[in-house]
Amino acid sequence: MKIIMLGAPGAGKGTQAKKIAAKYGIPHISTGDIFRANIKNGTELGKKAKTYMDQGMLVPDDLTVDLVTDRIHKDDCKNGYVLDGFPRTIPQAEALDKALSAMNEKLDHAIEVNVPDENIVKRMSGRRACLNCGATYHVVHAPTKVENICDMCGGELILRDDDKPETVLKRLGIYHNQTKPLIDYYKEEGILTTIDGTAALEDVFKAIIAILGE
Ligand code: AP5
Ligand code: MG
């Protein structure tokens, strides 16, 4: 099962993608997480990506596309995967389609998690992320058992640099200009489903299971 998650920054793509990956036994591939891991490890890719990410801008397509096409050729992707945060531009979507057709494969589902802009900024200021393992929490909606300590690995939680309100607004603007056109792109491919991302976490997941099957 090959799935892509679409939606504004903070819509809950990562939260739901992790649950999908666990339930269906497929890898969760988040370009944002891959870039953040590279930044943490001080790689060349990380250094390049950081300059864009800190400003809330998109990392250029040429740095992003090869990363994902290499990743989906790995053995653990044989039974599918859930892509989170990719594609994010029409050229990225076209590059993905091209890579997939060269492999004689295609996407099964594009799931749009729909949350209005006015809910987003509020949500992002409450998000906390584990720098060590990438797990995501929310101080109100998805709290950790011990304050500021990751339930999964015991790592310390941070407020992401790009979750400051002014950067979130910029990311939202870029989402509307560059990523929103993908909704029509996948509608035309006949694989788009839109779900209400303002519902409670578990209800959003139930809506996703209804699309993907038990
Ligand atoms: P990325 O890490 O992908 O960020 P994003 O798309 O902006 O999305 P977020 O991770 O911020 O939000 P999310 O939808 O995953 O929400 P989450 O589940 O955490 O990308 C970061 C940057 O990397 C980009 O800005 C760009 O620079 C670069 N980049 C990445 N991919 C790229 C690409 N393909 N091309 C170019 N550049 C790229 O949830 C948010 C919060 O809400 C959490 O606290 C969560 O607990 C809470 N929450 C979730 N669901 C609910 C709910 N139903 N009710 C209440 N709270 C909820
Ligand atoms: Mg995310």
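Structural notes, computed from the coordinates. Everything numeric here is computed off the predicted structure, so don't read it as measured data. (Residues numbered from 1 in each chain as written. Chains lettered and ligands numbered in written order. Predicted model: local features only at pLDDT ≥ 70, side-chain atom pairs only at ≥ 80, totals over all residues. Heavy atoms only, no water.)

What follows deals with the pattern of salt bridges. For the structure on display, the rule yields 14 salt bridges. Notably, a salt bridge pairs Glu 214 with Lys 23, separated by 3.1 Å at the nearest N-O pair. Placement of Glu 214 in the segment after helix 9 (201-212) and of Lys 23 in helix 1 (residues 13-24) is noted, with a sequence separation of 191 residues between them. Accessibility expressed as a relative area gives 77% for Glu 214, which makes it exposed. In this structure Lys 23 comes out as partly exposed when scored by relative accessible area, which is 36%. As a salt-bridge pair, Lys 187 and Asp 184 come within 3.7 Å of each other at their nearest N and O atoms. Highlighted residues: Lys 187 and Asp 184, both in helix 8 (residues 181-189), separated by three residues, approximately one helical turn. Classification of Lys 187 as exposed rests on a relative accessible area of 51%. (Salt bridge = Lys/Arg side-chain N within 4 Å of Asp/Glu carboxyl O. Helix = DSSP H or I, 4+ residues; strand = E, 2+ residues; numbered from the N terminus. Buried < 20%, exposed > 50% of the residue type's maximum accessible area, 1.4 Å probe, protein only.)

For residues besides glycine, phi is generally negative; the peptide bonds are generally trans as well. For the peptide bond that leads from Phe 86 to Pro 87, omega is -5°, which places it in the cis range. If you trace the backbone, Pro 87 turns up in the loop between strand 3 (81-84) and helix 5 (90-102). Positive phi is not limited to glycine here, since Asn 104 has a value of about 65°. Note that Asn 104 resides in the loop between helix 5 and strand 4 (109-114). For Asn 104, a relative accessible area of 74% gives the class exposed. The phi torsion at Asn 148 lies on the positive side, around 70°, for a residue other than glycine. Within the element layout of this structure, Asn 148 appears in the loop between strand 6 (136-138) and strand 7 (157-158).

Moving on, we come to the site of ligand 1. As a matter of local geometry, ligand 1 sits amid 37 residues, with Thr 15, Met 57, Arg 88, Arg 127 and Arg 171 nearest to it. Here an oxygen atom of ligand 1 sits 2.5 Å away from a polar atom, N or O, in the side chain of Thr 15. Within the side chain of Arg 88, a nitrogen or oxygen atom sits 2.4 Å from an oxygen atom of ligand 1. Starting from 1,000 Å² of accessible surface for ligand 1 in isolation, the protein chains cover 97%. Of the residues forming the shell around ligand 1, the biggest block, four residues, is contributed by helix 2 (residues 31-40). Residue composition of the shell around ligand 1, by class: 16 nonpolar, 13 polar and eight charged. (Near = heavy atom within 4 Å. Polar contact = N/O pair within 3.5 Å; in protein donor to acceptor, adjacent residues only side chain to side chain. Areas by Shrake-Rupley, 256 points an atom, 1.4 Å probe, with all protein chains shown as cover. Nonpolar A, V, L, I, M, F, W, Y, C, P; charged D, E, K, R; others polar.)

This paragraph deals with helix 1. The end-to-end C-alpha distance of helix 1, which contains twelve residues, comes to 16 Å, matching closely the 16 Å that a straight helix rising 1.5 Å per residue would cover. Among the residues of helix 1, Lys 13, Gly 14, Gln 16, Ala 17, Ile 20, Ala 21 and Tyr 24 are the ones counted as buried. The buried residues of helix 1 all sit within an arc of 160° when viewed along its axis, so they share a single face. Structurally, helix 1 contributes buried residues whose contacts are with strand 1 (2-6), strand 2 (28-30), strand 3 and helix 9. (Expected span 1.5 Å × (residues − 1). Arc of directions from axis to C-beta. Contact = heavy atoms within 4.5 Å.)

Below, the discussion takes up the packing of aromatic side chains. Scanning the entire structure with this criterion turns up one aromatic pair. With centroids separated by 5.0 Å and ring planes inclined at 75°, the aromatic side chains of Tyr 185 and Tyr 186 adopt a geometry described as edge-to-face. Per residue, the accessibility class of Tyr 185 equals that of Tyr 186, and both read buried. Taking NZ or CZ as reference, Lys 19 lies 5.1 Å from the ring centre of Phe 205, over its face. Above the ring of Tyr 24, the side-chain terminus of Lys 23 is found at 5.7 Å from the ring centroid. (Phe/Tyr/Trp six-rings, centres within 6.5 Å; stacked < 30°, edge-to-face > 60°. Lys NZ or Arg CZ within 6 Å of the ring centre and 35° of its normal.)

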